[in-house]
Amino acid sequence: MTDPILDIENLSVRYRGATEPAVRGVSFSLGRERLGIVGESGSGKSTVGRAILRLLDSAEITADRMQFEDVDLLNASERQMLKVRGRRMSMILQDPKFSLNPIQRCGDQVAEAFRTHVRASKAEARAKVIEMLNAVQIRDPERVYQLYPHEVSGGMGQRIMIAMMLLTDPDLVIADEPTSALDVTVRLQVLNILDRLVHEHGIGLIMISHDLNLVRNFCDRVIIMYAGRVVETLAASDLDNAQHPYSRGLLAAQPRIGGSRGPLPVLERDDSWMQPEVRS
Amino acid sequence: MKPIAVKDLCMSFGAVQVLHDVSFDVAAGECFGLVGESGSGKSTVLRCMSLLQGQWTGEVSIGGVRVRDMPLNDRCRMVQMVFQDPYGSLHPRHSVATVLSEPLKIHGLDRANERMAQAMIDVGLPVDFLDRFPHQLSGGQRQRVAIARALILEPDVVLLDEPTSALDVSVQAEILNLLSRLRTDKGFTYIMVSHDLSVVDHMCERFAVMQSGRIVEILPREAIPTNAARDPYARELIGASLAYERAV
Ligand SMILES: Nc1ncnc2c1ncn2[C@@H]1O[C@H](COP(=O)(O)OP(=O)(O)OP(=O)(O)O)[C@@H](O)[C@H]1O
Ligand SMILES: Nc1ncnc2c1ncn2[C@@H]1O[C@H](COP(=O)(O)OP(=O)(O)OP(=O)(O)O)[C@@H](O)[C@H]1O
Ligand SMILES: [Mg+2]
Ligand SMILES: [Mg+2]
């Protein structure tokens, strides 16, 4: 790959007080592409994202290399990180409403985040926020601007987070379950927005998702994680040919429209799955 | 087993009306789906039914008794809810053990430790996670704690707001199988909000499609694969879901 945006080698993360690491020896690099991360709940997907943004105070992070463009993420000071985070790389967090300040209006929070990175008057910031809420298909942006986080629906919360991240024109976006609370029609519109960012602005996008249809059709490559490790890396179009038994089990567990209503196949988890990756 | 009846439910936040005459019936032991546009009022319907939201008009009854007339304790034994947003619904400084033991204590149920351990096993979590706090759990693990909390009281009716959208499909399969098994064994009645029509098709006999605070159509599950909806929005939603399953 020429000129990766992000290059991670042998990343491990152990939370303070935990006996086992949450992430073990994860390596991947990312170009101007869409990389999907799927995997078992609790397998360390969000932890990888938070480690890249250095949002893990209570954990020990080790790696052979963690490079984002010209920034050495392993050795960057917190001051350097403040310039990078939110501006050059952003993350759409898994619990959108929790990551918003509960006592400030949603629109004001987005506007404030914009103004910490870009010089703009309050009125300019407000106009920009309304424009972005429109872009993420929020029906009534003027009303939603005024709402507090507990007053917006789950899907609105997700889109407010996406709007916040779009404002600063980052090079790397890590989206943790960005569309799980959206109905399918809105989901397709939001995916199109993210797609345009990759193709027109040349950003790198990491999509953490449980939605196999989404990663199969929307991403370029997919990483499959199990128990803190990458067990398989493959082209998204090859997802249905995944080899690892965890990946096979995952594909089999997906209910289908018009399928039988009998019990869904479940995984018999096997200790040998803790072994490092199969490449295909 | 208890049937549910919702009649002419209306609800406003200030000047904005978010529910308009929502009516539907759910048979005893049925799993009824609620799907539709983001922001259309699905969570609000569940919040009204469980009286987390009080200022509504209309009528909601369970097993023939109006929820407004039920004493609080009876209502909690009868109706439990799994929230869409598991982080917000778990107290940040309460351990999982506290979350699960509190309802048992309030309702004076015996064998608390045994019930707590079984609830953890049912949702596929290690029993030693009882000592953890919400911030020490992944998104899907938190959601499973929320499901365990709702099921531990063995209620008659469980209101499920996107119970599996934060879970990988292998854990989703385990939870859906668990919910189906409990329905057969204990006669639970469910109302389930979901954006995933393959989950609705798998779990529900019938479902309502919502848009802008209204139910636009109630359909049997058989209407999904053939897109037999008549309402234009319901047709669009089902059509998009069918296309989504084939390609994004
Ligand atoms: N602050 C913490 N302290 C201790 N353990 C933690 C902490 N945060 C997360 N963990 C544990 O680390 C593991 C990985 O968590 P992570 O949130 O990265 O999982 P995930 O793959 O994103 O899962 P999900 O799909 O359910 O969101 C989990 O077993 C979780 O319980
Ligand atoms: N406390 C509140 N104050 C004001 N408006 C509210 C409040 N709670 C919800 N709303 C509004 O009610 C409408 C319905 O919200 P609700 O959460 O029921 O939608 P939903 O169908 O569950 O959507 P999603 O699929 O995105 O979760 C939204 O427009 C929302 O902004
Ligand atoms: Mg996660
Ligand atoms: Mg909702």
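Trainee: Requested: an account of the overall build of chain B, with residues and values cited.
Mentor: Each helix and strand in chain B was counted, giving 10 helices and 10 strands. Relative to its length of 248 residues, chain B is compact, with a C-alpha radius of gyration of 18 Å against a globular reference of 18 Å. Judged by the C-alpha coordinates and their principal axes, chain B covers about 50 × 45 × 35 Å. Counting only residues that meet the buried cut, chain B has 58% of its 248 residues in that class. Look at the contacts in chain B between residues 6 or more apart in sequence, and 65% of them connect residues 24 or more apart. Counting only carbon and sulfur atoms, one obtains 50% of the accessible surface of chain B, whose full area is about 9700 Å².

Trainee: Mind laying out the environment of Val199(B), listing which residues take part and the relevant values?
Mentor: As for its placement among the helices and strands, Val199(B) is situated in helix H8 (residues 197-203). Taking the C-alpha atoms as reference, Val199(B) lies 8.5 Å from Leu176(B); in sequence the two are 23 residues apart. Look past the residues within four positions of Val199(B) in its chain and what remains in contact with it is Pro255(A), Gln172(B), Leu176(B), Met192(B) and Ser194(B).

Trainee: Now, about the site of ligand 2: what can you tell me, with residues and values included?
Mentor: Taken together, 21 residues form the shell around ligand 2, and within it Ser153(A), Gly155(A), Gly39(B), Ser43(B) and Thr44(B) come nearest. One finds residues of chains A and B in close proximity to ligand 2. Between an oxygen atom of ligand 2 and a side-chain N or O atom of Arg143(A), the distance comes to 2.8 Å. The separation between an oxygen atom of ligand 2 and a polar side-chain atom of Lys42(B) is 2.8 Å. A total of 650 Å² of accessible area belongs to ligand 2 in isolation, and the protein chains cover 90% of it. Elements that contribute at least two residues to the shell around ligand 2 include exactly helix H7 (154-166) of chain A together with helix H1 (42-49) of chain B.

Trainee: For the coordination of the magnesium ion (ligand 4), give the residues involved together with the corresponding values.
Mentor: Residues and elements named next belong to chain B. Here the magnesium ion (ligand 4) is held by the protein donor atoms Ser 43 (OG) and Gln 84 (OE1), which lie 2.0 to 2.2 Å from it. Residue Ser 43 is found in helix H1, and its partner Gln 84 is found in the loop between strand S6 (79-82) and helix H3 (86-89); the two are separated by 41 residues along the sequence. On the accessibility criterion, Ser 43 (22% relative accessible area) is partly exposed.

Trainee: Run through the packing of aromatic side chains, naming residues and quoting values.
Mentor: By convention here, two paired aromatic rings are described through the distance between centres and the angle between planes. Residues and elements named next belong to chain B. Applying the stated rule across the entire model yields 3 aromatic pairs over all chains. Their ring planes at 5° and their centres at 5.0 Å tell us that Phe 24 and Phe 32 sit as a pair that is stacked. For the pair formed by Phe 24 and Phe 32, the shared burial category is buried. Relative to Tyr 190, the ring of Phe 188 has its centre 6.1 Å away and its plane inclined at 85°; by these criteria the two rings are edge-to-face. You can call Tyr 190 buried: its relative accessible area is 0%. Positioned above the aromatic ring of Trp 56 is the side chain of Arg 68, whose terminal nitrogen or guanidinium carbon lies 3.9 Å from the ring centre. Sitting above the plane of the Phe 129 ring, Arg 132 keeps its charged end 4.0 Å from the centroid.

Trainee: An account of the packing of helix H8 (residues 184-201) of chain A against helix H10 (residues 232-246) of chain B is needed here, citing residue identities and associated values.
Mentor: H10(B) packs onto H8(A) with a crossing angle of 55° between their chain directions and a minimal axis gap of 8 Å. When the interaxial angle is binned, H8(A) and H10(B) end up oblique. Here H8(A) contributes Val184(A), Thr185(A), Arg187(A) and Leu188(A) to the contact with H10(B), which in turn contributes Glu236(B), Leu237(B), Ala240(B), Ser241(B) and Tyr244(B).

Trainee: Please set out the pattern of salt bridges residue by residue, giving values where relevant.
Mentor: Evaluated as defined, the whole model comprises 25 salt bridges over all chains. Arg216(A) is paired through a salt bridge with Asp240(A); the nearest N and O atoms lie 2.9 Å apart. Of this pair, Arg216(A) sits in helix H9 (residues 212-218) while Asp240(A) is found in the loop between strand S11 (229-235) and helix H10 (245-252), placing the two residues 24 residues apart along the sequence. Judged by relative accessible area, Arg216(A) falls into the buried class, the value being 16%. Under the relative-accessibility criterion, Asp240(A) is labelled partly exposed at 41%. The shortest N-O distance in the salt bridge between Arg66(B) and Glu59(B) comes to 3.9 Å. Exposure remark for Arg66(B): the relative accessible area of 40% places this residue in the partly exposed category.

Trainee: Requested: an account of the interface of chain A and chain B, with residues and values cited.
Mentor: At the junction of the two partners, chain A supplies 49 residues and chain B supplies 54 residues. A buried area of about 4000 Å², summed over both sides, lies between chain A and chain B, and 54% of it is on carbon and sulfur atoms. Taken together, the connections running from chain A to chain B amount to 1 salt bridge. The salt bridge partner of Glu37(B) is Arg139(A), with a shortest N-O separation of 3.0 Å. The interface formed by chain A and chain B contains 19 residue pairs in polar contact (both at pLDDT 80 or more).

Trainee: Help me get a handle on the environment of Gln243(A), residues and values and all.
Mentor: Residue and element names in this part refer to chain A. Following the sequence through the fold, Gln 243 ends up in the loop between S11 and H10. Expressed as a C-alpha distance, the spacing of Gln 243 and Glu 232, which sit 11 residues apart in the sequence, is 8.0 Å. Not counting residues within four places of it along the chain, the set of residues in contact with Gln 243 comprises Glu 232 and Arg 248. Within the local environment of Gln 243, its side chain forms a polar contact with the backbone oxygen of Asn 241, the two atoms lying 2.8 Å apart.

Cut-offs applied
Residues numbered from 1 in each chain as written. Chains lettered and ligands numbered in written order. Predicted model: local features only at pLDDT ≥ 70, side-chain atom pairs only at ≥ 80, totals over all residues. Heavy atoms only, no water. Helix = DSSP H or I, 4+ residues; strand = E, 2+ residues; numbered from the N terminus. Rg over C-alpha atoms; globule rule 2.2 N^0.38 Å. Buried < 20%, exposed > 50% of the residue type's maximum accessible area, 1.4 Å probe, protein only. Contact = heavy atoms within 4.5 Å. Areas by Shrake-Rupley, 256 points an atom, 1.4 Å probe, with all protein chains shown as cover. Near = heavy atom within 4 Å. Polar contact = N/O pair within 3.5 Å; in protein donor to acceptor, adjacent residues only side chain to side chain. Donors = N, O, S within 2.8 Å, 3.2 Å for Na, K, Ca; no water. Phe/Tyr/Trp six-rings, centres within 6.5 Å; stacked < 30°, edge-to-face > 60°. Lys NZ or Arg CZ within 6 Å of the ring centre and 35° of its normal. Axes fitted to C-alpha atoms, helices over the stretch in contact; angles between N-to-C directions. Parallel < 35°, antiparallel > 145°, perpendicular 65-115°, else oblique. Salt bridge = Lys/Arg side-chain N within 4 Å of Asp/Glu carboxyl O. Buried area = accessible area lost by both parts, 1.4 Å probe.

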